[in-house]
Number of protein chains: 2
Amino acid sequence: MTPKSSAAKLLPKVPGTGRRQQYSASTKRALIDVAESLFSNQGYAATSLDAIVAGARVTKGALYHHFSGKQAVFEAVFEKVETSASKRIAKGLKGEKDPWKKAILGLREFLACVQDPAYRRVVIQDGPAVLGYEKFREREQRSSFALVQEIVGSVLNAGGWELDDEMLATFSRIFVGALSSAGESVSTSDDPREASARVEIAMGFILEGLRMLEQAGVELPSGPRSAGKTQAPADESTEA
Amino acid sequence: MTPKSSAAKLLPKVPGTGRRQQYSASTKRALIDVAESLFSNQGYAATSLDAIVAGARVTKGALYHHFSGKQAVFEAVFEKVETSASKRIAKGLKGEKDPWKKAILGLREFLACVQDPAYRRVVIQDGPAVLGYEKFREREQRSSFALVQEIVGSVLNAGGWELDDEMLATFSRIFVGALSSAGESVSTSDDPREASARVEIAMGFILEGLRMLEQAGVELPSGPRSAGKTQAPADESTEA
DNA sequence: TGTGAGTACGTACCGACGGTATGTGGAACG
DNA sequence: CGTTCCACATACCGTCGGTACGTACTCACA
């Protein structure tokens, strides 16, 4: 509440558009950095704004000047962590053309990302509860989910199957969920490397199944064409 | 804060072991019921203890007599919702012997459960953040995850593959994650029935792939035998 | 049937936290 | 050199989770 020194951590030497705005931007970054650290270590609920502003050596006035509230700070941190991870993944599978190899590569890269405590806590654990599922999805859509969707799409298209956007999204959701859950189990494992290897084997096995379907020329049953009734592929009793 | 009438909602007519304990049990149930409703509709953070005790027509003294705090109330609600869902699923697939059909049946039943706002909000959205991932996993382990693990195990064993417990757990984690994510997308969809059908198709397709692997006699690469080093199945560069 | 004991609450209160209203000092600009 | 405006600082409020303590009612036992 009573910072002794100047607000910003590091003062820029290369004034671009006025020192004022440079200071402002750096304090904002400082706030985000401190918040990221605290959110990652203690979680959202256990992190107070006082702790954040104290860590950034400013007061709440500064925080509320840059952000509309605590949730807005979290959103900024979330986006930073999320985009950082997705950039890393994207860089990891750059250059690879074969869809199947790309899938394995992306999986491996994702499993590495999920080891980061910040990603686990901010994105996976606290993200849905703090942002709500709508915002969470919306943010996710623009980064990691887009990557998965691209990979899944290329794999399935490489499989020779034609699927509409809805079906592609459905497959992607399934794989994203599988990845998060598996990734989470990897990160909490006693031996992350071993757990990671298991996940790779399991996912690779599932992918292999899809590849077999491709070679066998099995058709992908087309999704419902917006017909009112739900049609089950096999038996009866589709309650609810 | 100032309840007018008696504490309990309904007074029991069949005294079993003293009226006192009957009253006590009913107020506790009332607290859990009200909390379930509020947590489901507004979420954990937006629900105050005052609102809960007001809804149950008691005071905070009563709440803190039965629970150690807000989180304990949430745990009780969580367990109630979770066991209710897993019981429904278990009942739904009772009698079915064929593992593959059982898997589809369980999937369908799960997709129905996930439509329940209480399950979505309490278990999927707020659960991990409030309980923390350790407790969340622990609770999950004893209900829905156990079901999935049983089904996955029977499917894979029916496939003729031998897998150790770790590998079974890994596969189960993957499927649980896939199910939650897919289920969540179903519940937030404009047309849940259509989305549900899509998920069924996609998951059925993936299962079909595994069945093809079985028929082709493809071996499941065995997991690492607790060797210190992680061995990747295909290429090099297993960073992280 | 009185009486002590223990339980199931109610009451009053505290500290912490998120958020707000307002003050202020210095940089940018004329 | 004065004005303006922005980037903060200061002081304060309402609410919430949690606690300490009081109390009425019930049950065992005489």
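Residues numbered from 1 in each chain as written. Chains lettered and ligands numbered in written order. Predicted model: local features only at pLDDT ≥ 70, side-chain atom pairs only at ≥ 80, totals over all residues. Heavy atoms only, no water.

*Asks:* For this particular structure, what's the right way to read the packing of aromatic side chains?
*Replies:* Here a ring pair, both rings aromatic, is described through the centre-centre distance and the interplanar angle of the planes. Overall, the coordinates contain 18 aromatic pairs over all chains when judged by the stated rule. Pairing B:Tyr133 with B:Phe136 gives two aromatic rings, centres 5.7 Å apart and planes at 90°, and the pair type is edge-to-face. Note that B:Tyr133 and B:Phe136 are positioned in helix α6 (residues 117-141) at a spacing of three residues, about one turn of the helix. Taken as a pair, B:Tyr133 and B:Phe136 share a single burial class, namely buried. Of note, A:Lys70 hangs over the ring of A:Tyr44, and the distance from its end group to the ring centre comes to 4.3 Å. (Phe/Tyr/Trp six-rings, centres within 6.5 Å; stacked < 30°, edge-to-face > 60°. Helix = DSSP H or I, 4+ residues; strand = E, 2+ residues; numbered from the N terminus. Buried < 20%, exposed > 50% of the residue type's maximum accessible area, 1.4 Å probe, protein only. Lys NZ or Arg CZ within 6 Å of the ring centre and 35° of its normal.)

*Asks:* What exactly am I supposed to notice about empty space enclosed by the protein here?
*Replies:* To locate leftover empty space, one rolls a probe as large as a water molecule over the atoms. This structure, assessed with the given rule, holds two cavities of 30 Å³ or more. In this structure, the second largest cavity spans a volume of roughly 80 Å³. Along its surface, the second largest cavity is lined by A:Ile174, A:Phe175, A:Ala178, A:Met203, A:Ile206, B:Ile174, B:Phe175, B:Ala178, B:Met203 and B:Ile206. Every element with two or more residues in the lining of the second largest cavity is listed here: α8 (165-187) and α9 (192-216) of chain A together with α8 (165-187) and α9 (192-216) of chain B. Here the residues of the lining of the second largest cavity are counted per class, giving ten nonpolar, no polar and no charged. (1 Å grid on protein atoms, 1.4 Å probe; cavity = no way out; pocket = protein on both sides within 12 Å on 5 of 7 lines; lining within 4 Å. Points joined across faces, edges and corners; volume = space filled by probe spheres on them. Nonpolar A, V, L, I, M, F, W, Y, C, P; charged D, E, K, R; others polar.)

*Asks:* What's the story with the environment of A:Leu156 in this structure? I'm lost.
*Replies:* Residue and element names in this part refer to chain A. Looking at where leucine 156 falls in the secondary structure, it is placed in helix α7 (residues 144-158). Among the residues examined, leucine 156 registers a relative accessible area of 2% and is labelled buried. Here the alpha-carbon distance between leucine 156 and leucine 168, two residues twelve residues apart in the chain, equals 8.5 Å. When neighbours within four sequence positions are excluded, leucine 156 is seen to be in contact with Trp161, Leu163 and Phe171. (Contact = heavy atoms within 4.5 Å.)

*Asks:* Help me understand the nonpolar core in this model?
*Replies:* A general tendency of soluble globular proteins is for nonpolar side chains to be buried together. Counting 144 residues, the largest nonpolar core has A:Phe39, A:Phe171, A:Phe175, B:Phe39, B:Phe171 and B:Phe175 as its most contacted members. The contact partners of B:Phe39, leaving out residues within four places of it in the chain, are B:Tyr44, B:Thr47, B:Ile52, B:Lys70, B:Val73, B:Phe74, B:Val77, B:Arg121 and B:Val122. (Core = buried A, V, L, I, M, F, W, Y, C linked by side-chain atoms within 4.5 Å.)

*Asks:* So what exactly am I meant to see when it comes to the environment of B:Ala118 here?
*Replies:* All names here are of chain B. For alanine 118, the position within the fold is in helix α6. Taking the C-alpha atoms as reference, alanine 118 lies 7.1 Å from valine 81; in sequence the two are 37 residues apart. Those residues within four positions of alanine 118 in sequence are excluded, and the remaining contacts are Glu36, Ser40, Val81 and Val123.

*Asks:* What should I look at first to understand the pattern of salt bridges in this one?
*Replies:* Applying the stated rule across the entire model yields 30 salt bridges over all chains. Across the salt bridge formed by B:Arg198 and A:Asp164, the nearest N and O atoms sit 3.4 Å from each other. Taken together, the residues B:Arg198 in helix α9 and A:Asp164 in the loop between α7 and α8 connect one chain to another. Put simply, B:Glu208 and B:Arg211 hold a salt bridge, and the shortest N to O gap is 3.7 Å. (Salt bridge = Lys/Arg side-chain N within 4 Å of Asp/Glu carboxyl O.)

*Asks:* Just to check I follow, could you spell out the confidence of the model for chain A for this structure?
*Replies:* The predicted coordinates should not be examined in detail at positions where pLDDT is low. All names here are of chain A. Mean pLDDT over chain A works out to 85, with 85% of the residues at or above the 70 mark. When the elements of chain A are averaged for pLDDT, α7 gives the smallest value, 90, and helix α2 (residues 49-55) the largest, 98. Across residues 4-16 the pLDDT falls below 50, and counting only partners more than four positions away or on other chains, this stretch makes 18 contacts in the model. Across residues 225-240, where pLDDT falls below 50, the model places 22 contacts with residues more than four positions away in sequence or in other chains. (pLDDT = per-residue confidence, 0-100.)

*Asks:* Can you walk me through the packing of helix α4 (residues 70-92) of chain A against helix α5 (residues 99-113) of chain A in this structure?
*Replies:* For any two helices packed against each other, the geometry comes down to the angle between their axes and how far apart the axes lie. Residues and elements named next belong to chain A. Following both chains from N to C, one finds α4 and α5 inclined at 145°, their axes separated by 9 Å at the closest point. As α4 packs across α5, the resulting crossing turns out to be right-handed. In this structure, α4 uses Ala85, Arg88, Ile89 and Gly92 to contact α5, whose residues at the interface are Leu105, Gly106, Glu109, Phe110, Ala112 and Cys113. Residues that form the contact of α4 with α5 fall into these classes: six nonpolar, two polar and two charged. (Axes fitted to C-alpha atoms, helices over the stretch in contact; angles between N-to-C directions. Left-handed = near helix turned anticlockwise from the far one by under 90°.)

*Asks:* In this structure, what is going on with the environment of A:Thr27? I would like to understand it.
*Replies:* Residue and element names in this part refer to chain A. Take threonine 27: it is sitting in helix α1 (residues 19-42). Of the residues examined, threonine 27 reaches a relative accessible area of 11% and is grouped as buried. For the pair threonine 27 and alanine 56, spaced 29 residues apart in sequence, the C-alpha separation works out to 7.5 Å. Polar side-chain contacts of threonine 27 include one of 2.7 Å to the backbone oxygen of serine 24. (Polar contact = N/O pair within 3.5 Å; in protein donor to acceptor, adjacent residues only side chain to side chain.)

*Asks:* How should I be thinking about α4(A) in this particular structure?
*Replies:* Three- or four-residue spacings in an α-helix give side chains the same orientation, since the helix completes a turn every 3.6 residues. Helix length check: α4(A) (23 residues) gives 33 Å between terminal C-alpha atoms against 33 Å at 1.5 Å per residue, within 8%. Among all positions of α4(A), only A:Ala72, A:Val73, A:Phe74, A:Glu75, A:Val77, A:Phe78, A:Val81, A:Glu82, A:Ala85, A:Ser86 and A:Ile89 are buried. (Expected span 1.5 Å × (residues − 1).)

*Asks:* Before we go on, may I ask you to explain the side chain of B:Ser187 in this structure?
*Replies:* Residue and element names in this part refer to chain B. Its place among the elements puts serine 187 in helix α8. According to the relative accessible area criterion, serine 187 is buried, its value standing at 10%. Separated by 2.8 Å, the side chain of serine 187 and the backbone oxygen of glutamate 184 make a polar contact. Excluding residues that lie within four positions of it along the chain, serine 187 makes contacts with Val114, Gln115 and Arg120.

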